[in-house]
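Coordinate analysis (summary)
Take a look at the letters that make up each chain.
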Amino acid sequence: MRFRHPDGSTVHLAYCTNVHPAESLDGVLVQLRDHCEPVRRRLGRDRLGIGLWLARDAAHALVTDPSALRGLRTELEHRGLEVVTLNGFPYEGFGAEEVKYRVYQPDWADPERLAHTTDLARVLAQLLPDDVTEGSISTLPLAWRTAYDQERATAAHTALTTLAERLDALHELTGRSLRIGLEPEPGCTVETTRDALAPLTAIGHDRIGICVDTCHLATSFEDPHTALDALAQARVPIVKSQLSAALHAEHPHLPEVRAALAAFDEPRFLHQTRTRTAAGLRGTDDLGEALAGDALPDASPWRAHFHVPLHAAPAAPLTSTLPVLRAALTRLVGGPHPLTHHLEVETYTWQALPPELRPRAQLADGIAAELTLARDLLTDLGLKELP
């Protein structure tokens, strides 16, 4: 979906396809047919943006077979879909029964991450619509915090510098300008937007910036305006923003609140949980750990890294951090000029939700409802939806 900002520029809205993951190119083509096109039809749109997730094997198949890449582009056009952004965070296995810590491997100190992201950039350069010259890819925020020493940090920075040089070369070759955004996430080396300032300033290349995920922002209790102002002051480019909402518990000390939270403690994904204390931010790696005994102080609200549907907050006594998303979006695109032109709804946890929050009919209905809410937020900020 495209929107005209009052300054005349185009803002793109997509939804991320990691909600129905596939490891192979054939699986991606099935996604387009069975999920993405039905979402577009439910929205009554001739064109729908998707933030494509390509696992390692799918990306490798496309970059090594030009006919396969042409075939994917043809299929996108046939189904009324367009791609200006990729989700390059998960490497493979995102559809496994247990993902947890494995989603952070390989990290940016491993050569596989550079090779995969280079493949993604080459693919995206060929998938961009004819009238679009700028693309974005979100990626792992360097590494999970453990086993990340100075040697690995140096290797990661070198890899990102190499990637920037490759993106420069790709721009010269294709005329397509691609940028990579590190996506801060709780528990990672770059957990917050503030954590991103030092490494991104050290790399110092405008092709390497940040992807602001509003669920992660909220989970770490970052104030959107403060965070985005700091990025602007440091001249860190906001490559894209993922529109998502975290799980919020106002009174985690109450038994009924803990019981409600326990329904979200599921075995597939990691749900980092945070709270603010007088001594600073405290957290656990997973929701179950927070609920076990006194691992996390419960005198103040908790927030958990669980992407809940934008349009359907959990029932009381829980809620979502949709207000944080609203505040961030106002700052991102509500000013005289957009801070980013790529927005991506990313709720990949539909099937991990408690049964009462899952789509009653088809997943496409829930995704369409989220995109409708995002569209309304954008138009309320003065953006005009384009055909």
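Please refer to the structure higher up on the page.
Residues numbered from 1 in each chain as written. Predicted model: local features only at pLDDT ≥ 70, side-chain atom pairs only at ≥ 80, totals over all residues. Heavy atoms only, no water.

Concerning the overall build of the protein chain
- Per the secondary structure count, the protein chain includes 12 helices and 15 strands.
- By the compact-globule yardstick of 21 Å for 387 residues, the protein chain fits well, its C-alpha radius of gyration being 20 Å.
- Structurally, the protein chain occupies a C-alpha span of about 60 × 50 × 45 Å along its principal axes.
- Here the protein chain holds 387 residues, and the buried ones make up 58% of them.
- By sequence separation, contacts in the protein chain at least 24 residues apart represent 79% of the contacts at least 6 residues apart.
- A total of about 15200 Å² of accessible surface is found on the protein chain, and carbon and sulfur atoms cover 50% of it.
- Averaging the coordinates of the 37 positive side-chain charges in the protein chain and doing the same for the 52 negative ones gives two points 5 Å apart. (Helix = DSSP H or I, 4+ residues; strand = E, 2+ residues; numbered from the N terminus. Rg over C-alpha atoms; globule rule 2.2 N^0.38 Å. Buried < 20%, exposed > 50% of the residue type's maximum accessible area, 1.4 Å probe, protein only. Contact = heavy atoms within 4.5 Å. Areas by Shrake-Rupley, 256 points an atom, 1.4 Å probe, with all protein chains shown as cover. Lys, Arg positive; Asp, Glu negative; His and termini not counted. Charge placed at Lys NZ, Arg CZ, Asp CG, Glu CD.)

Side note on the packing of aromatic side chains
- Following the criterion strictly, the structure yields 8 aromatic pairs and no others.
- Ring geometry for Phe94 and Tyr348: centres 5.3 Å apart, planes at 65°, overall edge-to-face. Highlighted residues: Phe94 in the loop between β4 (81-87) and α4 (111-127) and Tyr348 in the loop between β14 (342-345) and α12 (363-380), separated in sequence by 254 residues.
- A ring pair is formed by Phe264 and Phe306, whose centres lie 5.1 Å apart and whose planes are at 90°; its orientation type is edge-to-face. Of this pair, Phe264 sits in the loop between α9 (255-262) and β10 (273-277) while Phe306 sits in strand β12 (residues 302-308); the two residues are 42 residues apart in sequence, bridging distant segments of the chain.
- Residue Phe264 is classed as buried on the basis of its relative accessible area of 4%.
- Put simply, the rings of Trp53, Phe94, Phe269 and Tyr348 touch in pairs and so form one group of aromatic residues. (Phe/Tyr/Trp six-rings, centres within 6.5 Å; stacked < 30°, edge-to-face > 60°.)

Details of the pattern of salt bridges
- Enumeration according to the criterion identifies 24 salt bridges in this entry.
- Salt-bridge contacts for Arg41 lead to Glu37; the nearest nitrogen and oxygen are separated by 2.8 Å. Residue Arg41 and its partner Glu37 are located together in helix α1 (residues 25-43), separated by 4 residues, close to a single helical turn.
- The class for Arg41 is exposed, based on a relative accessible area of 57%.
- Across the pair Arg331 and Asp229 runs a salt bridge whose closest N-O atoms are separated by 2.6 Å. Of this pair, Arg331 sits in helix α11 (residues 322-333) while Asp229 sits in helix α8 (residues 224-233), placing them 102 residues apart in sequence.
- Residue classification places Arg331 among the partly exposed residues on the basis of a relative accessible area of 25%.
- By sharing partners, the salt bridges in this structure join Glu37, Arg40, Arg41, Glu75 and Arg79 into a single network. (Salt bridge = Lys/Arg side-chain N within 4 Å of Asp/Glu carboxyl O.)

Overview of the environment of Arg145
- With respect to the helices and strands, Arg145 occurs in the loop between β5 (134-139) and α5 (150-174).
- Taking relative accessible area as the criterion, Arg145 reaches 39% and is therefore assigned partly exposed.
- Measuring from C-alpha to C-alpha, the distance between Arg145 and Pro186 comes to 9.4 Å, with 41 residues separating the pair along the chain.
- Sequence-distant contacts of Arg145, that is, excluding residues within four places in its chain, are made with Gly187, Cys188, Thr189 and Asp285.
- Separated by 3.0 Å, the side chains of Arg145 and Asp285 make a polar contact. (Polar contact = N/O pair within 3.5 Å; in protein donor to acceptor, adjacent residues only side chain to side chain.)

Things to note about the side chain of Ser136
- Topologically, Ser136 is positioned in strand β5.
- Residue class for Ser136 comes out buried when judged on its relative accessible area of 1%.

Considerations on the pairing of β10
- The sheet contact formed by β10 and strand β11 (residues 280-284) spans 5 bridges and is antiparallel. Looking at the pairing, Arg276 lines up with Leu281 of β11.
- Where β10 and β12 come together, 3 bridges link them in antiparallel fashion. Counterpart to Thr273 in the pairing with β12 is Ala304. (Pairing = 2+ DSSP bridges.)

Digging into the environment of Arg282
- Within the secondary structure layout, Arg282 lies in strand β11.
- Along the backbone, Arg282 and Pro267 are 15 residues apart, and their C-alpha atoms lie at a distance of 22 Å.
- If sequence neighbours within four positions are ignored, Arg282 has contacts with Thr273, Arg274, Thr275, Thr277, Ala295, Leu296 and Pro297.

Concerning α8
- Three or more residues of α8 are buried, namely Pro224, Ala227, Leu228 and Leu231. Take α8 and look down its axis: the buried residues cluster within an arc of 90°, on one side only. For α8, exposure combined with an orientation more than 90 degrees from the buried face picks out Thr226 and Gln233.
- Elements that come into contact with the buried residues of α8 comprise α6 (193-203), β7 (208-213), α7 (214-219), β8 (238-243) and α11. (Arc of directions from axis to C-beta.)

A word on the sheet that holds β12
- Taken in spatial order, the 5 strands make up an open sheet running β11-β10-β12-β9-β13, and their pairing is antiparallel. Looking at which strands have only one partner, the edges of the open sheet turn out to be β11 and β13 (318-320). The average angle at which neighbouring strand axes cross in this sheet is 30°, direction not considered.
- Sheet topology note: the strand β9 (residues 245-249)/β12 ladder contains 4 bridges and is antiparallel. Within β12, the position partnered with Ala245 by the bridge is Val308. (Axes fitted to C-alpha atoms, helices over the stretch in contact; angles between N-to-C directions.)

Spatial relationships are all this shows, so hold off on functional conclusions.
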